[in-house]
Amino acid sequence: MDKKIKVIISLASIYLLWSTTYIAIKYAITGVPPLLMCGIRFLIAGVITYLYLIFRGEKHPSLKDWGACAVS
């Protein structure tokens, strides 16, 4: 794929994702407590990242890795 097309796709995805985040915050702020909303966002981001890594064929994290993540 051409480098210029990759840049355009990357910027378009950032624009789309950030704009939907602001819309979601606008509607969630009236009915969801802030810490719960933050936790849900991080949970969704973590699941998406984990599924992406599995799809790429990366190895599953070890118990030690999970422990380090839990502490952080």
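Residues numbered from 1 in each chain as written. Predicted model: local features only at pLDDT ≥ 70, side-chain atom pairs only at ≥ 80, totals over all residues. Heavy atoms only, no water.

## Some words on the overall build of the chain
Scanning the chain for helices and strands turns up three helices and zero strands. Along the chain direction, N to C, the helices and strands of the chain fall in the order α-α-α. Taking 2.2 N^0.38 as the reference for a compact globule, 72 residues should give roughly 11 Å; the C-alpha atoms of the chain span a radius of gyration of 16 Å, well beyond that estimate. Each of the three principal axes of the chain carries a C-alpha extent, and together these read 40 × 40 × 15 Å. (Helix = DSSP H or I, 4+ residues; strand = E, 2+ residues; numbered from the N terminus. Rg over C-alpha atoms; globule rule 2.2 N^0.38 Å.)

## Topic: the pattern of salt bridges
Under the counting rule described, the total for this entry stands at one salt bridge. The shortest N-O distance in the salt bridge between Glu58 and Arg56 comes to 3.2 Å. According to the relative accessible area criterion, Glu58 is partly exposed, its value standing at 37%. (Salt bridge = Lys/Arg side-chain N within 4 Å of Asp/Glu carboxyl O. Buried < 20%, exposed > 50% of the residue type's maximum accessible area, 1.4 Å probe, protein only.)

## With respect to the layout of surface pockets
One number sums up the size of the largest pocket: a volume of about 520 Å³. Together, 14 residues line the largest pocket, and Thr21, Arg41, Ile44, Ala45 and Ile48 are the ones closest to its centre. When contributions to the lining of the largest pocket are tallied by element, the ones reaching two or more residues are α1 (3–28) and α2 (34–56). Grouping the amino acids of the lining of the largest pocket by side-chain chemistry returns 11 nonpolar, two polar and one charged. What the second largest pocket holds in volume is close to 190 Å³. Ranked by residues supplied to the lining of the second largest pocket, first place goes to α2 with five residues. Partitioned by chemical class, the residues of the lining of the second largest pocket number six nonpolar, one polar and no charged. (1 Å grid on protein atoms, 1.4 Å probe; cavity = no way out; pocket = protein on both sides within 12 Å on 5 of 7 lines; lining within 4 Å. Points joined across faces, edges and corners; volume = space filled by probe spheres on them. Nonpolar A, V, L, I, M, F, W, Y, C, P; charged D, E, K, R; others polar.)

## Let's talk about the packing of aromatic side chains
Counted under the stated rule, the structure contains one aromatic pair. Plain terms: the ring middles of Tyr50 and Trp66 are 5.9 Å apart, the flat faces sit at 55° to each other, and that makes the pair tilted. Placement of the pair is Tyr50 in helix α2 and Trp66 in helix α3 (residues 63–71), with a sequence separation of 16 residues. With a relative accessible area of 45%, Trp66 lands in the partly exposed category. (Phe/Tyr/Trp six-rings, centres within 6.5 Å; stacked < 30°, edge-to-face > 60°.)

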